[in-house]
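Listed below, chain by chain, are the residues.
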Amino acid sequence: MSPRLAAALHLPPPPPPAAAAAARQLGVPRPLNLHSAAALAASSCSPSRRRGALACVVRLLCSHHSAAAAAAEAVEEARRGRKQLGMTPPIYDYLLANVREHPVLRELREETAAMRGSQMQVSPAQAQLLAMLVQILGAQRCIEVGVFTGYSSLAVALALPESGRLIACERDERCLQVAKKYYQRAGVAHKIDVKHALAVDSLRSLLDCGEASSYDFAFVDADKRMYEEYFELLLKLVRVGGLIVMDNVLWYGRVADPLVDDQKTNSIRNFNKKVLEDKRVDISMVPIGDGMTICRKLVDT
């Protein structure tokens with residue numbers, strides 16, 4: 001296609017190499033080539049069909065360009081740490097600048113940013129809070145349900161004493177390979193017992209082995225449709241006075257939108273309602289990251 005025709009059609013410029021690479025990493029389709037697009041449009045028989053085909057190609061090109069730009073922005077946001085829900089970028093940047101982040105955690109966050117699903121990684125501020133809760137508790141035994149690439153589990157393991165132990169439940173082997181690499185790099189692999197299986201099976205196995213009421217702390221960031229089941233199993237595993245922290249309880253704001261009615265959103269709404277009324281725990285819903293509810297176990301179950 002000639003530059004004059006492209007200018008007349010107001011076609012967007014091609015995305016920069018970094019954006020294109022980011023788009024490919026996140027699975028965004030490769031933009032159409034302008035010459036092949038022109039050939040496609042020219043192949044129509046009649047002038048009216050040619051115009052229609054060309055308009056369709058232009059829409060495709062614009063759509064792909066927008067997707068690539070959005071992908072690049074998502075990668076940059078993930079590299080910096082998932083944005084705080086409802087917080088303006090300048091305030092979030094200030095928050096991030098005031099987080100004490102271990103160098104290996106920073107390396108892991110930046111590698112994860114280029115991976116599919118990078119938005120699932122907790123923010124540095126969330127990880128810092130989890131580590132502090134572990135330290136305040138004087139925790140020795142912890143559980144994590146949903147490891148992803150290991151950012152939160154690494155933060156917890158770094159906060160544990162040398163004798164501490166973290167059970168890390170994750171079913172995705174690809175993610176675990178990344179997590180294990182950084183556990184080794186940070187020198188905490190000996191504190192972490194990875195369970196590569198469905199989390200419910202791993203938790204039930206712990207109960208079957210007589211480990212009820214023997215854990216100090218648990219963190220859940222996994223399948224939202226399973227939150228109630230995870231919570232009930234962890235209530236049996238965590239001791240009285242121990243903590244269970246549930247992530248994504250604000251679910252990108254969807255829980256507060258009456259027009260959103262999908263299964264995951266409803267599962268989180270139902271969980272939030274149930275835990276609000278649950279007298280077995282004290283709770284605090286904290287608007288950090290995508291929302292976390294901190295539950296303190298009050299009675300033996």
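Residues numbered from 1 in each chain as written. Predicted model: local features only at pLDDT ≥ 70, side-chain atom pairs only at ≥ 80, totals over all residues. Heavy atoms only, no water.

The protein chain is annotated in an unreviewed UniProt entry as Caffeoyl-CoA O-methyltransferase from Urochloa decumbens. Per its UniProt entry, the protein chain bears the Sequence similarities (unreviewed entry) comment "Belongs to the class I-like SAM-binding methyltransferase superfamily. Cation-dependent O-methyltransferase family." (UniProt positions renumbered as here; feature names shortened; annotations may be inferred.)

Among soluble globular proteins, nonpolar side chains are generally buried collectively. Judged by nonpolar contacts, the single largest core of 39 residues is most densely connected at V134, C142, L154, V156, Y183, F217 and V245. Counting only elements with at least two residues in this core, the list comes to helix 6 (103–113), helix 7 (124–137), helix 8 (151–159), strand 2 (165–170), helix 9 (173–186), strand 4 (215–220), strand 5 (238–247) and strand 7 (292–297). Those residues in contact with Y183, other than ones at most four positions away along the chain, are V147, G150, S153, L154, A168, V188, A189, I192 and V194. I143, V200, L234 and M246 belong to the second largest nonpolar core, which has 27 residues in total. (Core = buried A, V, L, I, M, F, W, Y, C linked by side-chain atoms within 4.5 Å. Buried < 20%, exposed > 50% of the residue type's maximum accessible area, 1.4 Å probe, protein only. Helix = DSSP H or I, 4+ residues; strand = E, 2+ residues; numbered from the N terminus. Contact = heavy atoms within 4.5 Å.)

Our next topic: the sheet that holds strand 4. Strand order in the open sheet formed by 7 strands is 3-2-1-4-5-7-6, and the pairing between neighbours is mixed. Two strands in the sheet have a free side with no partner beyond their single neighbour: strand 3 (192–196) and strand 6 (281–286). On average, each strand axis in the sheet is inclined to that of its neighbour by 15°, with strand direction left out of account. Sheet topology places strand 1 (residues 141–145) next to strand 4; 4 bridges connect them, and they run parallel. By the bridge assignment, E144 is partnered in strand 4 with F219. This element, helix 8, spans strand 1, strand 2, strand 3 and strand 4 of the sheet and lies at about 175° to strand 1. Sitting on the sheet, helix 12 (residues 263–276) touches strand 5, strand 6 and strand 7, and the angle it makes with strand 6 is about 135°. (Pairing = 2+ DSSP bridges. Axes fitted to C-alpha atoms, helices over the stretch in contact; angles between N-to-C directions.)

Throughout the structure, instances matching the rule amount to 20 salt bridges. Between D216 and R239 there is a salt bridge, with the nearest N and O atoms lying 2.6 Å from each other. Taken as a pair, D216 in strand 4 and R239 in strand 5 lie far apart in primary sequence, 23 residues in all. The class of D216 is buried, set by a relative accessible area of 10%. The class of R239 is partly exposed, set by a relative accessible area of 25%. Among the ionic pairs, K274 bridges to E232, the shortest N-O distance being 3.1 Å. (Salt bridge = Lys/Arg side-chain N within 4 Å of Asp/Glu carboxyl O.)

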